[in-house]
Amino acid sequence: MRGYALRRLAQMVPVVIGTTFLIYAMMWALPGDPLAGRCGNQPCPQSYVNRMTETYNLADPLLVQYVKYLGRIITGDLGQTFAGVPVADELLHRFPVTIQLALMAVVVEVVLGVSAGVLAAVRPGGLLDNLVLVSTLAVVSIPVFVLALLAQTVAGVRLGWFPVTWDGSAASLILPAFVLGGLSLAFVARMMRSSMVENLHADHVRTAVAKGLSPRRVILAHGARNSLIPVVTLVGADFGTLLGGAVVVEMIFNIGGVGELILHSVRDGEIGTVTVAVTLLVVLFLVVNLLVDLVYPLLDPRIRHA
Amino acid sequence: MGMSARVAWSVVVGAALVLSGCGADGPAGDGGGDRSITVRGCAPENPLVPGMTMESCGGQVVDQLFSKLIRYDPDTAEPVYEIAESIDSEDNTTWTVTLRSGWTFHNGDPVTSQSFVDAWNWVAYAPNGTLNSYFFRMIEGYADLQPREAITPDVEITPGMVEKSEMSGLRVIDDLTFEVTLSQPESSFPLRVGYAAFAPMPDEFFADPEAFGRNPIGTGPFEFVEWSQSSEIRLRAYDGYQGAVTPQIDEVTFRIYQDDLAAYNDLQADNVDVIPQLPVSALADDTYQDDLGDRYVEKEALVVSTISFAPEAVDPNVADPRLRQAISMAIDREAITEQIFHGTRQPATGWVAPGVAGYQADVCGVYCTYEPERARELYDEAGGYEGTLTLAYNSDGDNRPWVDAVCNSITEVLDVECAGVPIPDFGTFRSRVNAREVAGMFRNLWQADYPSIENFLAPVYATGASSNDSDYSNPEFDELITEAASLKGDAALAKYNEAEALLPADMPSIPLWYATTVAGYSTKVDNVKITPFQTIDLLSVTIR
């Protein structure tokens, strides 16, 4: 298993380098001069243009720029944003926030989703099953910004139950986490349900029932655990989406996370910042998926990584 | 296979909790007692150095940290001496600046004439590559601090490429007096020095400008406490502040918001105390009055929106002044400002915004009023227009609605096709305008750097001026502007009025509307005033 993990880690290296180049090239190809809009209604002073061009190698051809950039990154210098803040500082501030939000969302989606799925699967076609079906359908059909604004206005401004925007505390991330997790919750619940329904007819479950185990133990230990495999795969992939795709929720709840950083860096044409931030997201995504693969044997003893 | 499923889950949940516990450094909540307020801020685009700050996000912070020779009265925009005791000149060319004694930087260093001279030289010095160096162009010897030869953008400007590091026009006389010699007479000089770029800087700045930008030390009513990236900038009142009006609050936090609506929702929940500009969605149908009651203020801004025409060399088809006048008269400004801007814009009647000394209403006269009949007559006289009129704009702002409305108005009256041309973002839009690549018409907006009638005319319509996007050139206009600059007081204002009066005949641009700022505030604060520069005057804010 350790050999397997190492092999997977080694495979990440070319992927990461490839990613940096792709992102860099895409940002480079964006139209517009990143310095043009910075001086309002007049061209920027020549001296400013020259200083920025020099600092960020803006005048070099793509490959030269990229190699210079990679050279700096490898020595551990992530450079500065246009606002003069070290990119490393920005990332250190923002990544914990985004990861925290994503993890909280995952907890929401897994706890609620799995419970709803299990409840629904116990009696397929029953009242609970239909209730779960309808309620998840309702949530998943609302666009995220509507859900977020609605939650903010009702639970934040009108009722005052939650902080309206992020104030740095974990408590102020609860509402955004529910909004974010609520969207994937439907998929988790449905996948859990169908996987569970299938598993409850499997041989080992029938054996367990025949042995005279309590229904509770049959469902939780023999049914649910084996049914988690597709759900874990889904959640793993979803975690990546939550990391990078929380931009809308971050904007609405004013959360100083990575999504927001990437958004405004793309807008301002800050190639270096975007490249580092996106690459880190890719690394996180790969690591999470590796972890998911490593969790499989824990859930189903039949799976072994060689 | 040692770990059970339950353990695996608790690892995930546990990790989430650990991360929550040691979470990121965010804003620290209220803190700082009762006399602290929170103001809606936005992320500064540059280090917090006056010479490097050109946009309003950093500007509203820098303005609190740094005092200048003068400040602008928040009600009238009139200049009031701040650090200066007097700024005098016999000939509008050589100015003697006398400072008040007793001013200190936040680190205790005294403010001397050297603090000003060094700061101004630093900003103007090309190898430093500042954004605001243009503001010093009027000072004698500015050119010596720029590269001797024309250079391309890809070379670094080194100290070896410039003649000098100090402008010959700046001379320290004693600790509290210095002399400024301009390259030509400029009656508005005392008005200009209230801009952030003219702030004095302490010795510490020159030692390490980069570190200073993250930990600035100024002379202003508030001193810097902390800048937590992405979340807030905290300042507190400076005990040693020497200004005539001192702040009534102890601490101010600029909380950084990317989104207007998030800030507005926080205002409704009393989580933020002041929002300098309410979002458009709150202004629609006067929603804000229901939400906030009487907790809002309005103020005219020194802003005029216009439609500019491509230079004749680029697009000769829109050069005929009669065509331009016809288009202007075909725009129903009243209806558009009411329907699209919900009354936060007022139809413009000239090229200078109200609120500066010398402003005159109705300079544009009939050419800026909705006159469908006369518009059609002039349009026919000018020989009409072949094809589709285009109006370019940046689509990352809220421009589309009014651009479409203006085009509809033109099409309806003149029976000519008119189409808005979106350009994705402001940067691209401006670079294409600067490169003279935009044909037809394009949107424009002029916000005054300092409250002077001169600032609305000279930088925009004088031949070769920095913001003359249409390459407008009228020798008579230029002459009047030059003459006005050498006169004083009312005589100067009269000349500027004469110059503006020349514009309707040529219609270098079509004035559309002036802007009003609407600010909202929480139940905690009172006495909120908006400056003419669309920021909050923190010296007058009081706690309820």
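Per-chain numbering applies: the sequence of each chain, read as written, is numbered from 1 onward. Lettering for chains starts from A, numbering for ligands starts from 1, and both go in the order in which the items are written. Restriction of local features to residues with pLDDT of at least 70 applies here, the model being predicted, together with a cutoff of 80 or more for giving and counting side-chain atom pairs; totals for whole chains, interfaces and linings are based on all residues. To obtain the side-chain values, all non-hydrogen atoms of the structure were used and water was disregarded.

Participant: Pulling in residues and values, what's your account of the side chain of Thr104(B)?
Facilitator: All names here are of chain B. With respect to the helices, strands and loops of the structure, Thr-104 is situated in the loop between strand 5 (94–99) and helix 3 (113–124). Think of a polar contact as two N or O atoms within 3.5 Å of one another; within protein, one of them needs to be a possible hydrogen donor and the other a possible acceptor, and neighboring residues in sequence only count if both atoms come from side chains. There is a polar contact of 2.6 Å between the side chain of Thr-104 and the side chain of Tyr-238. Working rule for contacts: check all heavy atoms of both residues, and any pair within 4.5 Å makes them a contact. In this structure, Thr-104 is in contact with Asp-109, Pro-110, Val-111, Gly-218, Thr-219, Tyr-238 and Gly-240, ignoring residues within four places of it in sequence. Helix and strand definitions here come from DSSP, where helices need a minimum of 4 consecutive H or I residues and strands a minimum of 2 consecutive E residues; each element is numbered from the N-terminal end.

Participant: Break down the pattern of salt bridges for me, with residues and values.
Facilitator: Residues and elements named next belong to chain B. Salt bridges are counted wherever a side-chain nitrogen of Lys or Arg sits within 4 Å of a carboxyl oxygen of Asp or Glu. This model, assessed by the stated rule, comprises 28 salt bridges over all chains. The salt bridge partner of Asp-250 is Arg-35, with a shortest N-O separation of 3.1 Å. With Asp-250 in the loop between strand 9 (232–237) and strand 10 (251–256) and Arg-35 in the loop between helix 1 (5–21) and strand 1 (36–41), the pair connects residues that are 215 residues apart, well separated along the chain. The salt bridge partner of Lys-495 is Glu-498, with a shortest N-O separation of 3.8 Å. In this pair, Lys-495 and Glu-498 both sit in helix 17 (residues 489–501), 3 residues apart, roughly one turn of the helix. When its relative accessible area of 40% is taken as the criterion, Glu-498 is described as partly exposed. One network of salt bridges, with partners in common, ties together Glu-226, Glu-232, Arg-234 and Glu-251. Burial status follows relative accessibility: with a 1.4 Å probe on protein chains alone, a residue under 20% of its type maximum counts as buried, one over 50% as exposed, and anything between as partly exposed.

Participant: So what about a nonpolar patch on the surface? Which residues, and what values?
Facilitator: Residue and element names in this part refer to chain A. Together, Val-111, Leu-112, Ile-174 and Phe-178 make up a nonpolar patch on the protein surface, roughly 320 Å² of accessible area in all. Within the fold, Val-111 resides in helix 4 (residues 87–122). Classification of Val-111 as partly exposed rests on a relative accessible area of 46%. Only residues whose relative accessible area exceeds 30% and that take part in no salt bridge are eligible for patches, with like-charged residues grouped when within 9 Å of each other and nonpolar side chains (Val, Leu, Ile, Met, Phe, Trp, Tyr) grouped when within 5 Å. Per-residue accessibility takes into account occlusion by the displayed protein chains alone, with areas from the Shrake-Rupley method and a 1.4 Å probe.

Participant: Please give an account of the confidence of the model for chain A that cites residues and values.
Facilitator: Keep in mind that low pLDDT regions are not for reading the predicted coordinates in detail. Each residue carries a pLDDT score, the predictor's own confidence in it, on a scale running from 0 to 100. Across chain A, pLDDT averages 84, with 99% of residues at or above 70. The secondary-structure element of chain A with the lowest mean pLDDT is helix 9 (residues 215–245) of chain A, recorded at 80, while helix 4 of chain A shows the highest, at 88.

Participant: Describe in detail a negative patch on the surface, supporting the description with residues and values.
Facilitator: Under the counting rule used here, the positive set is Lys and Arg, the negative set is Asp and Glu, and His together with the chain ends is not counted. A single reference atom marks each charge: NZ on Lys, CZ on Arg, CG on Asp, CD on Glu. Judged by side-chain charge, Asp285(B), Asp286(B), Asp290(B), Glu298(B), Glu334(B) and Glu338(B) come together as a negatively charged surface patch. Among the secondary structure elements, Glu338(B) is positioned in helix 11 (residues 333–339).

Participant: Outline the UniProt feature "transmembrane region" (unreviewed entry) in chain A, listing residues and values.
Facilitator: Residues and elements named next belong to chain A. Taken from the UniProt record, the annotation "transmembrane region" (unreviewed entry) applies to residues 12–30, 99–122, 131–150, 170–189, 227–253 and 273–296. From the first C-alpha to the last, residues 12–30 spans 27 Å; its make-up is 95% helix and 0% strand. Helix makes up 85% of residues 131–150 and strand 0%. Its end C-alpha atoms lie 22 Å apart. UniProt positions are given in the numbering used here, feature names are shortened, and annotations may be inferred rather than shown by experiment.

Participant: So, the UniProt feature "domain: Solute-binding protein family" (unreviewed entry) in chain B: which residues are in play, and what are the values?
Facilitator: When the UniProt feature table is mapped onto this chain numbering, "domain: Solute-binding protein family" (unreviewed entry) sits at residues 78–467 of chain B. Secondary structure across residues 78–467 of chain B divides into 26% helix and 22% strand, with the first and last C-alpha atoms of the span separated by 24 Å.

Participant: Got a sec to walk through the domain arrangement of chain A? Specific residues and values, please.
Facilitator: Residue and element names in this part refer to chain A. Each domain's extent was defined by an automatic or database domain assignment. Taken domain by domain, chain A comprises domain 1 (2–74) and domain 2 (94–299). Its C-alpha centre places domain 1 at a distance of 33 Å from the equivalent point of domain 2. Here the quantity called buried area is the total loss of accessible area, with a 1.4 Å probe, experienced by two parts when brought into contact, counted for both. Both faces considered, domain 1 and domain 2 share a buried interface measuring about 1500 Å² in area, 80% of it formed by carbon and sulfur atoms. The largest per-residue losses of area from domain 1 upon contact with domain 2 belong to Arg-8, Met-12 and Met-27, which jointly make up 32% of the total buried on that side. At the surface where domain 1 touches domain 2, the tally comes to 1 salt bridge. The residue Asp-293 makes a salt bridge to Arg-8 at a minimum N-O spacing of 2.5 Å. At the junction of domain 1 and domain 2, the tally comes to 2 residue pairs in polar contact (both at pLDDT 80 or more). Secondary-structure elements contributing two or more residues to the side of domain 1 that touches domain 2 are helix 1 (2–29) and helix 3 (62–74). The biggest single contributor to the side of domain 1 that touches domain 2 is helix 1, with 13 residues.

Participant: Please give an account of the interface of chain B and chain A that cites residues and values.
Facilitator: Contact with chain B, which involves 63 residues of that partner, is made by 62 residues of chain A. For the chain B and chain A pair, buried surface summed over both sides reaches about 5500 Å², with 60% attributable to carbon and sulfur atoms. For the pair chain B and chain A, the interface holds 9 residue pairs in polar contact (both at pLDDT 80 or more). Mapped onto the side of chain B that touches chain A, the elements with two or more residues apiece are helix 1, helix 7 (260–268), helix 14 (426–434) and strand 16 (441–447) of chain B. Ranked by the residues each element gives to the side of chain B that touches chain A, the list is headed by helix 1 of chain B, at 7 residues. In terms of residue class, the side of chain B that touches chain A is built from 30 nonpolar, 23 polar and 10 charged. Here the term charged refers only to Asp, Glu, Lys and Arg, the term nonpolar to Ala, Val, Leu, Ile, Met, Phe, Trp, Tyr, Cys and Pro, and the term polar to all other amino acids, Gly among them.

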